[in-house]
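Residue-level structural notes
The residues making up each chain are set out below.
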There are 2 protein chains.
Amino acid sequence: MLKVLKFGGTSVGTLERIQNVAQIIKKIRDNGDDVIAVVSAMSGETNKLIEYANHFSKNPSNKELDMLLSSGERVTSALLSIALNEQGYKATSMSGREAGIKTTSKHTEARIESIDTTNMKKALAEGNVIIVAGFQGVSVDENRVTTLGRGGSDLTAVAIAGAINADICEIYTDVDGIYTTDPRIEPKAKKMDQISYDEMLELASLGAKVLQNRSVEMAKKLNVNLVSRSSFTPDVEGTLITKEENIMEAPVVSGIALDKNQVRVGMYKVADKPGIAANIFTSLADADVNVDMIVQTVAVDGKADLDFTIPTGDQHKAKTVMESFAKDVERIDYNESICKVSIVGVGMKSNTGVASKAFKALANENINIRIISTSEIKISMIIEEKYAELAVRSLHDVYELDK
Amino acid sequence: MLKVLKFGGTSVGTLERIQNVAQIIKKIRDNGDDVIAVVSAMSGETNKLIEYANHFSKNPSNKELDMLLSSGERVTSALLSIALNEQGYKATSMSGREAGIKTTSKHTEARIESIDTTNMKKALAEGNVIIVAGFQGVSVDENRVTTLGRGGSDLTAVAIAGAINADICEIYTDVDGIYTTDPRIEPKAKKMDQISYDEMLELASLGAKVLQNRSVEMAKKLNVNLVSRSSFTPDVEGTLITKEENIMEAPVVSGIALDKNQVRVGMYKVADKPGIAANIFTSLADADVNVDMIVQTVAVDGKADLDFTIPTGDQHKAKTVMESFAKDVERIDYNESICKVSIVGVGMKSNTGVASKAFKALANENINIRIISTSEIKISMIIEEKYAELAVRSLHDVYELDK
């Protein structure tokens, strides 16, 4: 098997943690597998370098930031390689450039365009463990070091796994997998063995600390089997994120996600002009406001009420846009005391009654549902924020996710 | 003018010092000159990284050390570039690779093979100050980052100056130039305005803290005008090291060097066998012992006495070699209480009586000369170590170097 592993900042946060990662790699290697490990900078290093840069400029050039920040991952890759060499394992570090990672030239937020695996294949054939400095590549245009932005090391690992056709890509963090819901809310939450890409994307909040959507999307696109597991408890199997077809007997519901960072915008008695709703949402999109759930109800006098949600962070931008529609609306209000609870599962597609079960469960707790939106594999409900935890626990229970 | 500048570890040792270097560059730039600055790692950084490596291995692979250690210079180059950008100066950092520096693949001690100046010329033409990460290049064979060993950043600067045909290469340290002798020994020592490459090479000990012979040799070979000056007192002109022809009215004697790291080996009554001396020195050379001055005196009974000096650090190796000649010699002794005083000056070539002046000066102080060796531009004398400082002062005085 060819395994691509990725170790984030906390997994390589100290020299002792790096030694621990070397142990994990040794064990996999001893098992006869080939290994490419992608590493982040030691935690704290990147922030230190940013502080250094800010000493000179509040707004340093992205091109120079990339030169600066890419050094942290190089340090980790060399140290881990030295640790493995010392213990008798052939290993070689590689910068993003040496690993053949070509990117766009949008510095600090570059996108991987292609990976030339020649160098890596040669090193593997020579019996090396390869330690790749994550988060970085080289721009095709300028042949200059770039970085990939947030979650860049995960992306590096997934992209390499795809390009070199690895059997698996394991993302090591300090969390041992994806849970059916947030265990801080529902202690009975269970670690999932496997989950499909689409479910993972819908359950983003459950993976927030361990997997970014950008990586899951790439894994889906490149058909990479992704595993979320912990470098602190390497003997615990993690959660496999794979394509739906690979999952036998998927449960009807896989998990319950909660998102408290939502604001509900209510527009009452919107003027009965043609295309007014379209105008509103186009203006919001132009202002980069991420509109999520939308409900329109037609009132008695023919005027419509419009309800939608936006992320808390977009509220200021949204208010500016809304001002231009003030004359067309009787009243606009903003409600931050709401949250979104989502039930996700590929099994929904072939099962009826999933939604009604949820509505009943919430009704039993006297929780009012303000907005509902459904997709093939997800039911999202906007409820009052004070009921958030109660709703999650009820739903977790009614779908028997602790079993 | 195109100026190549080099700033060492103490010159960029803190963020404040880096800001100071930015000021120096700005002033030169404002004067209309083009600038390529070569920078070292912030002082302490390289040692920190070596400590990290040693946490994992007492003997880390040189290839990995190069990946590890080359990161420090990259950080400085990005920070300095950010500092200049912030103040409205176009600047770009470059790694050794980006600056086109190709080396042998002898990791941690690579030699520069060639420099492709295309990238640098383009950046200069676009009006950039270029900040090159010193001490590093890329091996031609493996296309892998290499480092150049001790004094590597100086070498980078000199090699770039040669390759791009710069008008001058200024090496900034915390010392403002080359003195006629060590000012700690002779407070009347004067900073020299200029000195020839050959004199500088012979006066190595006077430049020990500011210029390595490897860099001076390269400057001589590439005909690069080298300046030793201080980043702490940038308004003070430094010392120009240039070819002899550029120096008008060279003084007869330029400087007095002192080397206390010498051991005198005495071999008494060496057997009268053909080629015995040749055997001895061949064996020493084979054992990598650096023999410096040699004197042979023929004793009355036909047996010879052999005196020579070696660096203190080679004493152990030398003793091992000497054992194999024990049967051919009546007695061997080692004297560490000696030192070498050297008088250097290109003017000697065309002036007589320089040596006798030195001998008289030492005789006046009752200092016995044990060994003498002379070259075209140097007279070296072995004397008892306790007279070292007195000898330096007397010689400094007799050649009127304080004038």
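Residues numbered from 1 in each chain as written. Chains lettered and ligands numbered in written order. Predicted model: local features only at pLDDT ≥ 70, side-chain atom pairs only at ≥ 80, totals over all residues.

1. Considerations on the overall build of chain A
A tally of helices and strands in chain A yields twelve helices and 20 strands. The C-alpha radius of gyration of chain A comes to 24 Å, within 12% of the 22 Å expected for a compact globule of 403 residues. Overall size of chain A, expressed as C-alpha extent along the three principal axes, is 80 × 50 × 35 Å. Taking all 403 residues of chain A together, the buried fraction comes to 45%. (Helix = DSSP H or I, 4+ residues; strand = E, 2+ residues; numbered from the N terminus. Rg over C-alpha atoms; globule rule 2.2 N^0.38 Å. Buried ≥ 20, exposed ≤ 12 C-beta atoms within 10 Å, placed from the backbone.)

2. Thoughts on the interface of chain B and chain A
Counting residues at the interface gives 25 residues for chain B and 24 residues for chain A. Among the elements of the structure, α1 (15-30), α2 (45-56) and α3 (62-86) of chain B are those that each provide at least two residues to the side of chain B that touches chain A. The element contributing the most residues to the side of chain B that touches chain A is α3(B), with 14 residues. When grouped by side-chain class, the residues that make up the side of chain B that touches chain A number 13 nonpolar, nine polar and three charged. (Contact = placed C-beta atoms within 7 Å. Nonpolar A, V, L, I, M, F, W, Y, C, P; charged D, E, K, R; others polar.)

3. Describing the relation of the copies chain B and chain A
The operation relating the pair of chain copies consists of a rotation about an axis and a translation along that axis. Note on the copies: chain B fits chain A at an RMSD of 0.1 Å, the axial shift is 0.1 Å, and the rotation between them is 179 degrees. On the angle and the small slide along the axis, the relation comes out as a two-fold axis. Looking at the rotation axis and the C-alpha trace of chain B, the residue lying nearest is S71(B), at 2.7 Å. Interface overlap between copies: 96% of the residues of chain B at the interface are likewise at the interface in chain A, consistent with a symmetric, same-surface contact. (Least-squares fit on C-alpha atoms with pLDDT ≥ 70 in both.)

4. Quick look at the sheet that holds strand β7 (residues 136-139) of chain A
Residues and elements named next belong to chain A. Spatial strand order, β5-β4-β7-β8: four strands in an open sheet with mixed pairing. The two strands at the open ends of the sheet, each matched to only one other strand, are β5 (112-115) and β8 (145-147). For this sheet, the mean inter-axis angle between neighbouring strands, taken without regard to orientation, is 45 degrees. Two elements, strand β4 (residues 101-103) and β5, share three bridges in a ladder whose sense is antiparallel. Residue I101 lies in a different strand from β5, and its bridge partner there is I115. (Pairing = 2+ DSSP bridges. Axes fitted to C-alpha atoms, helices over the stretch in contact; angles between N-to-C directions.)

5. Some words on the pairing of strand β13 (residues 255-259) of chain B
Residues and elements named next belong to chain B. Burial analysis of β13 places four of its five residues in the buried class, the great majority of the element. As paired elements, β13 and strand β18 (residues 338-344) share five bridges and run antiparallel to each other. Considered in β18, the bridge of L258 is made with V341.

6. Quick notes on the confidence of the model for chain A
Averaged over chain A, the pLDDT score is 93; the fraction of residues at 70 or greater is 100%. Taken together, the chains of this predicted complex give a pTM of 0.86 and an interface ipTM of 0.84. (pLDDT = per-residue confidence, 0-100.)

7. Observations concerning the packing of helix α11 (residues 354-364) of chain B against helix α12 (residues 388-398) of chain B
All names here are of chain B. Relative to each other, α11 and α12 sit at 130 degrees, their axes nearing to 9 Å. As far as their axial angle goes, α12 and α11 are oblique. Judged by the twist between their axes, the crossing of α11 over α12 is right-handed. Of α12, the residues touching α11 (which contributes K357, A358, A361 and L362) are A391, S394, L395 and V398. Classifying every residue of the contact of α11 with α12 gives six nonpolar, one polar and one charged. (Parallel < 35°, antiparallel > 145°, perpendicular 65-115°, else oblique. Left-handed = near helix turned anticlockwise from the far one by under 90°.)

8. Overview of the nonpolar core
One finds A37(A), I160(A), A37(B) and I160(B) to be the most contacted residues of the largest nonpolar core, which totals 198 residues. Beyond its immediate chain neighbours, meaning those up to four positions away, I160(A) contacts V4(A), I36(A), V38(A), A99(A), I115(A) and V132(A). Core analysis: the next-biggest nonpolar cluster, separate from the first, contains twelve residues, I280(B), V289(B), F308(B) and A318(B) among them. (Core = buried A, V, L, I, M, F, W, Y, C linked by C-beta atoms within 7 Å.)

9. Considerations on the environment of V398(A)
All names here are of chain A. Of note, V398 is situated in helix α12 (residues 388-398). Looking at V398, the number of C-beta atoms within 10 Å reads 17, which means it is partly exposed. Aside from chain neighbours lying at most four places away, what touches V398 is K357 and A361.

10. Describing the sheet that holds strand β13 (residues 255-259) of chain A
Residues and elements named next belong to chain A. Pairing in this open sheet of four strands is antiparallel, and the strands run β13-β18-β20-β19 from one edge to the other. Each having just a single partner strand, β13 and β19 (371-375) make up the two edges of the open sheet. Shown here is a sheet whose adjacent strand axes are inclined to one another by a mean of 20 degrees, direction ignored. Judged from the five bridges that link them, β19 and strand β20 (residues 378-384) form a sheet pairing that is antiparallel. Bridge pairing in β20 links I371 to I382. Across the sheet, α12 is in contact with β13, β18 (338-344) and β20; its angle to β18 comes to roughly 15 degrees.

11. Remarks on the pairing of strand β11 (residues 226-230) of chain A
All names here are of chain A. Counting buried residues along β11, four of its five residues qualify, which places the element largely inside the surrounding structure. Bridge count for strand β9 (residues 168-173) against β11 is five bridges, and the pairing is parallel. Each bridged residue has a counterpart across the sheet, and for E170 the counterpart in β11 is V227. Across three bridges, the pairing between β11 and strand β12 (residues 239-242) is antiparallel. Bridged to L226 within β12 is I241.

12. Some remarks on helix α1 (residues 15-30) of chain A
Residue and element names in this part refer to chain A. Between its first and last C-alpha atoms α1 spans 22 Å; for 16 residues at 1.5 Å apiece the expected length is 22 Å, and the two agree. When we look at burial in α1, the residues that qualify are I18, V21, A22, I24 and I25. Along the axis of α1, the buried residues cluster in a sector spanning 160 degrees; they form a single face. Residues E16, K27 and D30 are exposed on α1 and point more than 90 degrees away from its buried face. (Expected span 1.5 Å × (residues − 1). Arc of directions from axis to C-beta.)

13. Topic: α12(B)
Residue and element names in this part refer to chain B. Taken together, the buried positions of α12 are A391, V392, S394, L395 and H396. Elements that come into contact with the buried residues of α12 comprise β13, β18, α11 and β20 (378-384). E400 lies just past α12 and shows a positive phi near 55 degrees.

14. Some words on the packing of α1(B) against α3(B)
All names here are of chain B. Closest axis-to-axis distance for the α1/α3 pair is 9 Å, and the angle between their directions is 60 degrees. As judged from the angle between their axes, α1 and α3 are oblique. The hand of the α1/α3 crossing is right-handed. For the pair formed by α1 and α3, the contact residues are I18, Q19, V21, A22 and I25 on the first element and T76, L79, L80, A83 and L84 on the second. Tallied by class, residues from the contact of α1 with α3 come to eight nonpolar, two polar and no charged.

15. Regarding the environment of D272(A)
All names here are of chain A. Among the structural elements, D272 can be located in the loop between β14 (262-270) and α9 (276-286). A tally of 13 C-beta atoms within 10 Å means that D272 is categorised as partly exposed. Note: C-alpha distance between D272 and V329 (57 residues apart in sequence) is 9.6 Å. Those residues in contact with D272, other than ones at most four positions away along the chain, are G302 and K303.

16. Some points on unusual backbone geometry
Glycine aside, the phi torsion of most residues is negative, and most peptide linkages are trans. All names here are of chain A. Despite not being glycine, K269 shows a phi value in the positive range, around 55 degrees. By secondary structure assignment, the location of K269 is in strand β14. Residues other than glycine seldom take positive phi values, yet N366 does so here, at roughly 60 degrees. Secondary-structure assignment places N366 in the loop between α11 (354-364) and β19.

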